[in-house]
Amino acid sequence: MSKAYDVIVIGAGAVGTSCAYHLVKKGMSVALIDMRDVARGSSSHCDAAALLSDKQPGVDVALGYDSIRRFLELQEELSNPFDLEQGGSLTVCETEAQVELGAEYVKAMQADGYDFQMLDKYEMKQKEPFLADDLPGGFWSSACCSLSPFKLCFAFVDEVKGKGLDVFIHTKVTNILLDDKGAVCGVDTDQGRFTAKNVVNCAGVWSGKVCDYLGLYFPVEPRNGIILVSSQTAPMCHQKVQEYGYLITKFQTGFKQDPLVEKYNVTMNIEPTEGNNVIIGGSRNFTGFTEVADINVIRAIARRAIRFFPILKDMNCVRAYQGMRPYMAEHLPVISAVDEVPGFFIAAGHEGDGIALDPVTGQLISELVAGEKPHKDISEYSYSRYKGKGPKA
Ligand SMILES: Cc1cc2nc3c(=O)[nH]c(=O)nc-3n(C[C@H](O)[C@H](O)[C@H](O)COP(=O)(O)OP(=O)(O)OC[C@H]3O[C@@H](n4cnc5c(N)ncnc54)[C@H](O)[C@@H]3O)c2cc1C
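Residues numbered from 1 in each chain as written. Predicted model: local features only at pLDDT ≥ 70, side-chain atom pairs only at ≥ 80, totals over all residues.

### Structural notes on the site of the ligand
The environment of the ligand is made up of 44 residues, and the closest members are Gly11, Gly13, Gly41, Gly204 and Gly354. At the level of secondary structure, the elements contributing two or more residues to the shell around the ligand comprise helix H1 (14-25), strand E12 (221-230), strand E15 (278-283) and strand E16 (317-327). Here the element with the most residues in the shell around the ligand is E16; it accounts for four residues. By residue class, the composition of the shell around the ligand is 21 nonpolar, 15 polar and eight charged. (Near = placed C-beta within 6 Å. Helix = DSSP H or I, 4+ residues; strand = E, 2+ residues; numbered from the N terminus. Nonpolar A, V, L, I, M, F, W, Y, C, P; charged D, E, K, R; others polar.)

So this is what it looks like as structure tokens:
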């Protein structure tokens, strides 16, 4: 029988390691449990961006901005670097119709006080000279960052391991235990029993399976994506660049600009890495639990990227990988206590924003577990949106 902890965190991805770190900073003892290893789920099969330019105006962008603020603090706070760069991001429109839609979006962001600017085709080419000549314009957002999600997970763990945090890898949680009042008292795993009065479900695409142990409805599903890595290159892009269609495919279906998008839901996004490669995305598909990259989707991603950056035609792709985004139909994660089960918390369902919202999610969960008022209004992220819903409700 292991020692009793204040909190058990299930899942050592970006979200779980951030929660564990922020909980220890509040003075709590934490067991971080993962069936694989630190950063071996979605958080090592993804892009590296914390964007504002892919958020919806309102609560979505407000949380994204708060998270970037916290990233900048963490850069000073954590001993190990995680390659944070606040280089901004460029969104490229392919048609005049998209420029008009983009201008409305930029206006809404500016009205909320965020630094977004429309760019005409010449201003855009100044930022990215290798863009195709026929693109009519786009917009720029200065606050967007890139970072290494893999290094970030380890930076959180290394900072507090042995100082309040114990990490258990290759350990699968198989049940959540309740006391006779129906409150959380621990978990069973394939390596034995752990005791704690609080459990945080940070199991990403698997968080629905963890909720199943308690009979709780949690409709998360994998929305898959593939990333290509180019051979090393002289600088050919200077910041995160994505096409406007990236926003459309994130929040809607039926973006009919290009046949490839229709077939594989592929839109261009690209960013340079520290090692002089470029990483090129991406796709958004519902193909179930899999980490296998389909060659047809890889081809489609390459073709779409060449449409925007013709120079890529002469480069090699050295690697491709697929990851699973924890998708929720409302496009908002759950960051919440679960009223039905005292001591049970959920931080999951971040879809394509689990890295971007990582610091603020950990901070908010630590406030909730400590019984404090969250520093932001997170009512829209409450589990209560599923009250009375779903087959198990
Ligand atoms: C192609 C692609 C590109 C992306 N790009 C971006 C981006 O640019 N910016 C961004 O913000 N987000 C991006 N994302 C999304 C991001 O990767 C996810 O939102 C994020 O990684 C989710 O983190 P997580 O900690 O919730 O899940 P994970 O990293 O998957 O961690 C969950 C962990 O739970 C563990 N686990 C599950 N069940 C159990 C159990 N029963 N017992 C013990 N352990 C368990 C798993 O082993 C896993 O390690 C992208 C995703 C993809 C696929």
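### Topic: the environment of Phe218
Mapped onto the elements of the fold, Phe218 is located in the loop between helix H6 (207-212) and E12. Residue classification places Phe218 among the buried residues on the basis of 23 C-beta atoms within 10 Å. Separated by 172 residues in sequence, Phe218 and Gly390 place their C-alpha atoms 8.1 Å apart. Beyond its immediate sequence surroundings of up to four residues, Phe218 is in contact with Ser207, Gly208, Cys211 and Ile346. (Buried ≥ 20, exposed ≤ 12 C-beta atoms within 10 Å, placed from the backbone. Contact = placed C-beta atoms within 7 Å.)

### Details of helix H2 (residues 59-77)
The end-to-end C-alpha separation of H2 is 26 Å, in line with the 27 Å expected for 19 residues at 1.5 Å each. Val61, Leu63, Gly64, Ser67, Ile68, Arg70, Phe71 and Leu74 are the residues of H2 that are buried. (Expected span 1.5 Å × (residues − 1).)

### Let's talk about the domain arrangement of the chain
Often the size quoted for an interface is simply the accessible area lost on bringing the parts together. If you check the domain split of the chain, you get domain 1 (4-45 + 150-220 + 330-386) and domain 2 (89-142 + 221-327). For domain 1 versus domain 2, the distance between C-alpha centres works out to 31 Å. With 14 residues of domain 1 at the contact, the number on the domain 2 side is 13 residues. For the side of domain 1 that touches domain 2, the residue count by class is four nonpolar, nine polar and one charged. (Domains from an automatic or database assignment.)

### Topic: the sheet that holds strand E14 (residues 266-272)
An order of E5-E6-E4-E13-E14-E15-E12-E16 is seen for the eight strands of this open sheet, with the pairing classed as mixed. Among the strands making up the open sheet, the edge pair consists of strand E5 (116-120) and E16. Here the strands of the sheet are splayed against their neighbours by 20° on average, with no regard to which way each runs. Sheet topology places E14 next to E15; five bridges connect them, and they run antiparallel. Paired with Pro272 across the two strands is Val278, which belongs to E15. (Pairing = 2+ DSSP bridges. Axes fitted to C-alpha atoms, helices over the stretch in contact; angles between N-to-C directions.)

### Remarks on helix H5 (residues 149-160)
Helix length check: H5, at twelve residues, gives a terminal C-alpha distance of 18 Å against a target of 16 Å (1.5 Å per residue), a fit within 8%. Considered for burial, the residues of H5 that qualify are Pro149, Leu152, Cys153, Ala155, Phe156, Val157 and Val160. Two residues or fewer past H5, Gly162 is found with a positive phi of approximately 80°.

### Here's the deal with the pairing of strand E13 (residues 240-243)
Of the two faces of E13, the one carrying Lys240 and Gln242 and the one carrying Val241 and Glu243 are both buried. Here strand E4 (residues 89-93) runs beside E13; their pairing, made up of four bridges, is parallel. Bridging across to E13, Val92 finds its partner in Glu243.

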